[in-house]
Amino acid sequence: MGCKSSGQPKQQGQPRAARGQGENCLADEFILETEGLTKEFAGFFAVRDVALKVRRGSIHALIGPNGAGKTTCFNLLTKFLKPSAGKILYKGQDITAMAPADVARLGLVRSFQISAVFPHLTALENVRVALQRQHGSSFDFWRSKSVLNRFNDRARELLNDVGLNEFANTPAVEMPYGRKRALEIATTLALDPEMMLLDEPMAGMGHEDIDKIAALIKRISAKYTILMVEHNLSVVANLSDIITVLTRGQVLAQGHYSELTKDERVKEAYLGAGHA
Ligand SMILES: Nc1ncnc2c1ncn2[C@@H]1O[C@H](COP(=O)(O)OP(=O)(O)OP(=O)(O)O)[C@@H](O)[C@H]1O
């Protein structure tokens, strides 16, 4: 710990492997860490003493039976909740007391909820608005169409990255559910993250959409570190490099899916909670 990030400006689209080369410290290996992370609600510990280490460049999943503390932990990491105790370090920097917007500016970005996508704007317009916000432009885009057009090329690139070319001119409200989630990811990528936090990216999807979004997450993981909370264990098995299992607010086990399926404590936690 205590290892500072390189201090170099982040370059958009630069592959992670090229960042921080030559530096050999913990913050380079682990982009996000928590120490003793704890959230207490009136005497009940929803998250207790969690030490998480997310390796730069990995897809890291947070799983656990119902009530294990996944959402609470996610909300602590995204700064939607304040921890009762413990620290959150991003690239070696203590971000525990920082506001969500400041954390996002450092490159740690939570995927938007679908409701944050403007339903009557097209896919292209939605990504343009996200780019505009990222670049600090004012929000009166209806008066500065020519300014916004500058973002068109980048917006098209991002739509291409998430496989939404053909939906560029489709209003979000008319897009199929799975494609809306892809749009949500594109608007998140517009914020130029280094690390993305995804809250149940497959929630409410059918098989076909799950396959598409899984392929998309795999593709974007070439450039970004990803931490996701996900209930669908076959998705977690196929996508994750490493998995942390929470039960009763604490880390029960951590490892690759193949290791965890052999872990009696993990089996018992899931069976005990009716997740056979
Ligand atoms: N605001 C709150 N006040 C009191 N208790 C809470 C609060 N938020 C969560 N809890 C409790 O903390 C525990 C963990 O909840 P959390 O939602 O983080 O679990 P989870 O693993 O995300 O569960 P699920 O898979 O069911 O979404 C649960 O027992 C829940 O009832």
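Conventions adopted
- Residues numbered from 1 in each chain as written.
- Predicted model: local features only at pLDDT ≥ 70, side-chain atom pairs only at ≥ 80, totals over all residues.
- Heavy atoms only, no water.
- Pairing = 2+ DSSP bridges.
- Helix = DSSP H or I, 4+ residues; strand = E, 2+ residues; numbered from the N terminus.
- Axes fitted to C-alpha atoms, helices over the stretch in contact; angles between N-to-C directions.
- Contact = heavy atoms within 4.5 Å.
- Buried < 20%, exposed > 50% of the residue type's maximum accessible area, 1.4 Å probe, protein only.
- Arc of directions from axis to C-beta.
- Core = buried A, V, L, I, M, F, W, Y, C linked by side-chain atoms within 4.5 Å.
- Domains from an automatic or database assignment.
- Salt bridge = Lys/Arg side-chain N within 4 Å of Asp/Glu carboxyl O.
- Parallel < 35°, antiparallel > 145°, perpendicular 65-115°, else oblique.
- Left-handed = near helix turned anticlockwise from the far one by under 90°.
- Nonpolar A, V, L, I, M, F, W, Y, C, P; charged D, E, K, R; others polar.

- The name an unreviewed UniProt entry assigns to the protein chain is Branched-chain amino acid transport system ATP-binding protein, from the organism Bradyrhizobium yuanmingense.

### Quick word on the sheet that holds strand E4 (residues 59-63)
Okay, step 1: The mixed open sheet is built from six strands, whose spatial order is E7-E8-E9-E4-E10-E11. In the strand order of this sheet, the two ends are held by strand E7 (108-110) and strand E11 (250-255), each with one partner. Strand-to-strand twist in this sheet, taken as the mean axis angle between neighbours without regard to direction, amounts to 20 degrees.
Okay, step 2: One ladder, built from four bridges, connects E4 with strand E9 (residues 225-229); its direction is parallel. Paired with Leu62 across the bridge in E9 is Val229.
Okay, step 3: The sheet strands contacting helix H7 (residues 177-189) are E7 and strand E8 (195-199), and the helix crosses E8 at an angle near 150 degrees.

### Looking at helix H6 (residues 152-161)
In an α-helix there are 3.6 residues to a turn, and that puts residues three or four apart on one side.
Okay, step 1: Among all positions of H6, only Asn152, Arg154, Ala155, Leu158 and Leu159 are buried. Projected down its long axis, H6 carries its buried residues within an arc of 165 degrees, all on one side.
Okay, step 2: Looking at the residues trailing H6, positive phi occurs at Gly163, about 75 degrees.

### Things to note about the nonpolar core
Okay, step 1: In this structure, Val127, Leu183 and Met202 are the most contacted members of the largest nonpolar core, which totals 47 residues.
Okay, step 2: In terms of residue count, helix H8 (residues 207-220) provides more of this core than any other element does, six residues in total.
Okay, step 3: Both domains that furnish three or more residues to this core are identified here as domain 1 (26-107 + 194-276) and domain 2 (118-192).
Okay, step 4: In contact with Leu183, not counting residues within four places along its chain, are Val117, Ala123, Asn126, Val127, Leu159, Leu164, Ala172 and Met175.
Okay, step 5: One finds Ile31, Leu52, Phe74 and Met195 within the second-largest nonpolar core, a separate group that totals 23 residues.

### Side note on the pattern of salt bridges
Okay, step 1: For the structure on display, the rule yields eleven salt bridges.
Okay, step 2: For Asp263, the salt bridge identified is with Arg265, shortest N-O distance 2.8 Å.
Okay, step 3: Shared partners join several salt bridges into a network, and the residues in it are Arg56, Lys91 and Glu194.

### With respect to the packing of H7 against H8
Okay, step 1: Between H7 and H8, whose axes approach to 9 Å, the crossing angle comes to 15 degrees. Here H7 lies roughly parallel to H8, going by the angle between them. Along this stretch, H7 crosses H8, giving a crossing that reads as right-handed. Residues Tyr177, Gly178, Arg179, Arg181, Ala182, Ile185 and Leu189 of H7 touch H8, and the partners they reach there are Asp209, Lys212, Ile213, Leu216 and Ile220.
Okay, step 2: Split into classes, the residues belonging to the contact of H7 with H8 amount to seven nonpolar, one polar and four charged.

### Quick notes on the packing of helix H4 (residues 123-134) against H6
Okay, step 1: Interhelical geometry of H4 versus H6 gives an angle of 115 degrees and a closest axis separation of 9 Å. Along this stretch, H4 crosses H6, giving a crossing that reads as right-handed. Contact residues: Ala123, Leu124, Val127, Arg128 and Leu131 in H4; Asn152, Arg154, Ala155, Arg156, Leu158 and Leu159 in H6.
Okay, step 2: Its residues placed into classes, the contact of H4 with H6 shows seven nonpolar, one polar and three charged.

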